[in-house]
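Here are the chains, one letter per residue:
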Amino acid sequence: MRKKILTSILVTWFAAFLSTLTPPLFAADQPFYEGKTIRFIIASGPGGGTDTAGRLVARFLPKYLPGNPKLIVQNMPGGGCTIANNYFANEVKPDGLTIMQDSSSGVANFVRGGPIIKYDPRKLKLIGGVARPGSLLLIRNDAQARFTNRSAKPVVVGDTDGIRNWIAMTVWGAEYLGWNLRWIYGYPGSRELQLAIRQGEIDLWATQNAKLVNDLKREGVTQIVVTEEDHRREDFPDVPTFVELLGAKKPTGLAWHAYLAWAGAPELDKFLVAPEGTPDHLVKSLRDAFTKAMKDPEVDKEGDKFFGDGWKPITAEKIEVVIRDHIAIPKEAKDFITKLRQKYGLPVGEAKS
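Predicted, not measured: the structure shown is a model, and the values here were computed from it.

The rules behind the values
- Residues numbered from 1 in each chain as written.
- Predicted model: local features only at pLDDT ≥ 70, side-chain atom pairs only at ≥ 80, totals over all residues.
- Heavy atoms only, no water.
- Helix = DSSP H or I, 4+ residues; strand = E, 2+ residues; numbered from the N terminus.
- Contact = heavy atoms within 4.5 Å.
- Polar contact = N/O pair within 3.5 Å; in protein donor to acceptor, adjacent residues only side chain to side chain.
- Salt bridge = Lys/Arg side-chain N within 4 Å of Asp/Glu carboxyl O.
- Expected span 1.5 Å × (residues − 1).
- Bend = angle between axes of the 7 residues up to and from the residue.
- Buried < 20%, exposed > 50% of the residue type's maximum accessible area, 1.4 Å probe, protein only.

**Student:** Could you clarify how one ought to interpret the environment of threonine 50 in this entry?
**Tutor:** Structurally, threonine 50 is set in helix 2 (residues 49–64). Along the chain, threonine 50 and serine 190 lie 140 residues apart, while their C-alpha atoms are 9.3 Å from each other. For threonine 50, the residues in contact, after removing those within four places along its chain, are Ile42, Ser44, Gln101, Asp102, Ser103 and Lys270. Polar contacts involving the side chain of threonine 50 include one to the side chain of lysine 270, which spans 2.7 Å.

Set out below in structure tokens:
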């Protein structure tokens, strides 16, 4: 009898012990993102290229993440991606549940430097990116007569922060082609700039959005001047490249090196990041999901509609290299850029190395 009681106690104890092990065993089979919600920060306001690229990725990323999490999009505009980057680098937990859609503006701001910059793009965990065809520089039809006439009222260039990659075209155009320009900046985002050029508040602006370019042309508001691509865009084959427009006036040596440093590599456009310190296995899950999402036929269709032909996904590894190379431009090139910014009344910061 005593042996039966002892056996019963041991069986009960062993069953209880096994029950304590069962939840972790089951949990190990459960995908990390199952039942969770990802916060997807977009480092710009609604309606622009960063927002469009971010929302395209946000629509499809959960579909390819094991566990199919929910996803909430939050726009965080300001300072050419600076506000979002500062917040992301200093406030966000590296738990895989908050990611950010960033852009080349965030990298350019870091290079320009200054006390407001509280982040380092090289420390972020890259997930993947989208490179759209090069920006198309648009001019209002009623401003074309003043474009190269230095005795006329300057053509007004509008921008958010005065440092975006395409602004390099306008500065080098003024310096080497005699473009008659004046720059104003401080617009919250692309949506406001679209309205500004439609209303005649600004005369010159650039965008990569093929649909918007065609809409403005069809409305009789603007014409295309040039593309910043190093080759003509497939969807706008009649538009010359900036190099073609420069022709024999194209500078060489330090002046051209500085231009390329400001204009940036075409692969550095819109990219998705996780915070520094995010566990490697979660970064891998996010990268794998991004890669699969970019192969989705619906993503390709939607991308063509907004970006035009020629846009493409870029791997995290490639973007990491491009960011490091862009930040590592020689001091002489940075100084040359600073002098031109000062000359034309554009913002100047403390360049970082």
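**Student:** Would you mind going over the pattern of salt bridges with me for this structure?
**Tutor:** Oppositely charged side chains can pair when the atoms bearing their charge come close. Inspection of every chain in the model, using the stated rule, returns 20 salt bridges. Note that glutamate 302 and arginine 59 form a salt bridge whose closest N and O atoms lie 3.5 Å from each other. Separated by 243 residues along the polypeptide, glutamate 302 in helix 11 (residues 297–307) and arginine 59 in helix 2 bring together distant segments of the chain. The salt bridge partner of glutamate 317 is arginine 287, with a shortest N-O separation of 3.3 Å. Residue glutamate 317 is found in helix 12 (residues 316–327), and its partner arginine 287 is found in helix 10 (residues 280–294); the two are separated by 30 residues along the sequence. Within the structure, one salt-bridge network assembled from shared partners comprises Arg59, Glu302 and Lys305.

**Student:** What am I meant to see in helix 2 here?
**Tutor:** Residues that lie three or four places apart on an α-helix share one face, since the helix turns once every 3.6 residues. Taking 1.5 Å of rise per residue, 16 residues should cover 22 Å, and helix 2 covers 23 Å from first to last C-alpha, within 8% of that figure. Most pronounced at alanine 58, the bend in helix 2 amounts to some 25°, and the proline proline 62 follows within four residues. For helix 2, a buried count of 12 out of 16 residues is recorded, marking the element as mostly surrounded by other parts of the structure. All of the buried residues in helix 2 are Gly49, Thr50, Asp51, Thr52, Ala53, Gly54, Leu56, Val57, Ala58, Phe60, Leu61 and Pro62.

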